[in-house]
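Single-letter residue listing:
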Amino acid sequence: MDEEWKQILKQSITRPEQINRKFKIDVSSLRAVISKYPMRISKYYFDLINQVDDAIWRQCVPSPLELNDPFGFDDPLNEEGQSPTLGLVHRYPDRVLMCVSNKCATYCRFCTRKRKVGKQVINYSKETLEAQLQYIKATPIIRDVLLSGGDPLLLSDEQVEFALKKLRAMPHVEVIRIGSRVPCTLPQRITPKLCNMLKKYHPVYMNIHFNHPLEITRESERACSLLADAGVPLGSQSVLLKGVNDNPDVIKNLVQKLLKIRVKPYYLFQMDIVRGTYHFRTRVETGINIIDSLVGHTSGLAVPRYIIDSPGGGGKIPIQPDYIQSIKSDRVTLKNYEGKTFFYPQILPDEEINQIRAPSLIRNTKWVSK
Ligand SMILES: *Cc1c(COP(=O)(O)O)cnc(C)c1O
Ligand code: SF4
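> Provide a residue-level description of the site of ligand 1, including the pertinent values.
The full set of residues close to ligand 1 is Val89, Arg91, Tyr92, Arg95, Leu97, Leu146, Arg177, Tyr266, Tyr267 and Lys316. Within the side chain of Arg91, one N or O atom sits 3.4 Å away from an oxygen atom of ligand 1. In the environment of ligand 1, an oxygen atom lies 3.1 Å from a nitrogen or oxygen atom belonging to the side chain of Lys316. Within the complex, 91% of the 390 Å² of free accessible area of ligand 1 lies under protein.

> Pulling in residues and values, what's your account of the site of ligand 2?
Neighbouring ligand 2 are Cys104, Thr106, Tyr107, Cys108, Cys111, Gly150, Arg181 and His209. Counting atoms within 2 Å of the grid points, the majority share of ligand 2 lands in the largest pocket. Residue classes in the shell around ligand 2 are distributed as 4 nonpolar, 3 polar and 1 charged.

> Can you explain the side chain of Arg115? Please cite residues and give values.
Examined against the element boundaries, Arg115 turns out to sit in the loop between strand E2 (95–99) and helix H6 (126–137). Note on Arg115: relative accessible area 15%, which makes it buried. Within the structure, Arg115 has its side chain in polar contact with the side chain of Glu79 (distance 2.9 Å).

> Can you explain the sheet that holds strand E10 (residues 324–327)? Please cite residues and give values.
The 3 strands lie next to each other as E10-E11-E12, forming an open sheet whose pairing is antiparallel. Strands at the two margins of the open sheet, each flanked by one partner only, are E10 and strand E12 (341–345). Ignoring which end each strand starts from, the neighbouring axes of this sheet average 15° apart. The pairing of E10 with strand E11 (residues 331–335) spans 3 bridges and is classified as antiparallel. When the bridges of E11 are listed, Ser326 appears paired with Thr333.

> Please set out the packing of H6 against helix H7 (residues 157–168) residue by residue, giving values where relevant.
Helix-helix packing is characterised by the crossing angle of the two axes and by the distance between the axes. Between H6 and H7, the shortest axis-to-axis distance is 10 Å and the interhelical angle comes to 20°. Here H7 runs roughly parallel to H6, going by the angle between their axes. Read as a crossing pair, H6 and H7 show a hand that is right-handed. For the pair H6 and H7, contact is made by Lys126, Leu129, Glu130, Leu133 and Ile136 and by Phe162, Ala163, Lys166 and Leu167, respectively. Broken down by class, the residue content of the contact of H6 with H7 amounts to 6 nonpolar, no polar and 3 charged.

What counts as what
Residues numbered from 1 in each chain as written. Chains lettered and ligands numbered in written order. Predicted model: local features only at pLDDT ≥ 70, side-chain atom pairs only at ≥ 80, totals over all residues. Heavy atoms only, no water. Near = heavy atom within 4 Å. Polar contact = N/O pair within 3.5 Å; in protein donor to acceptor, adjacent residues only side chain to side chain. Areas by Shrake-Rupley, 256 points an atom, 1.4 Å probe, with all protein chains shown as cover. 1 Å grid on protein atoms, 1.4 Å probe; cavity = no way out; pocket = protein on both sides within 12 Å on 5 of 7 lines; lining within 4 Å. Sits in = over half its atoms within 2 Å of the grid points. Nonpolar A, V, L, I, M, F, W, Y, C, P; charged D, E, K, R; others polar. Helix = DSSP H or I, 4+ residues; strand = E, 2+ residues; numbered from the N terminus. Buried < 20%, exposed > 50% of the residue type's maximum accessible area, 1.4 Å probe, protein only. Pairing = 2+ DSSP bridges. Axes fitted to C-alpha atoms, helices over the stretch in contact; angles between N-to-C directions. Parallel < 35°, antiparallel > 145°, perpendicular 65-115°, else oblique. Left-handed = near helix turned anticlockwise from the far one by under 90°. Contact = heavy atoms within 4.5 Å.

In structure tokens:
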């Protein structure tokens, strides 16, 4: 008999009529969308929907707007152009992203790899995987390998272990990371058997993906606990999505809940310019305001880095609210989280000019209490 997660996956919602069994909406317009961008919603994730158009619905139920995107690109980050072998993106000097699966437990409507997830366009065969591993083996500057997809954890434990074992046998591969959304969309996939396997290949990190506090349930908490107990450090990569999580209260609630299940909020992504995702896009100012609402107001552990992945493939660029008002050779003027101004005197042991000016600098610095 199949493992529980495979059975749950078999009950996935893949046809519009299945949505109709629970929600009475006109699904006829969805057929054309699904033929271009496949639908799959795990039964578990579907059951998190409370009502039509809520934050869970918007992430997983197709919208006719996907076919009405005048500006998107199929591959805005030029992943294909930076792939020395099929499915392996080598963009940064010391690390690679390795697509090992084309399937996910739930297809996110805003996915950056919308051009290929769930489609037959690409066949991740054993030969594809072998070619990727061969490239990594032959490229000793790679010290960090990120298994991605699709979702690597839609492969069987044995298939995942095959890749991990090969990677661990390469001395230059120091860190292995798995990017997976199953702790959120199919938490039953995280089993003691999987965790016992993963921990043989440490250091194994996991980048998981939660976008809304409603996704943090007893089941996802159980999945994250199993992973954390197996020594797998967990970080969440969230995507800023219009109508889903584009406000400070939702994100604050999300990041605080993540810390409670031992997940460090790692990145908050600005939407890539992906074809078919126009309706999810927010202004960059919205993201900056969200980060500003977190910094200082809640624990530093809870604050993710807000990222724009440069169109064309230049890599991830961190974006921050501006806390620096000016930098002079002897004094930095800063703004704190409440908007108050503070001065930091630059008095350094190896700079004579500062030694001479130090007494007056200190004297004139308002915050020094005598
Ligand atoms: C995101 C990404 C990585 C990993 O980036 P980190 O900032 O190290 O998490 C590596 N390669 C590619 C192509 C990526 O898109
Ligand atoms: S789980 Fe990740 S790869 Fe899969 S559809 Fe969602 S965003 Fe895309």
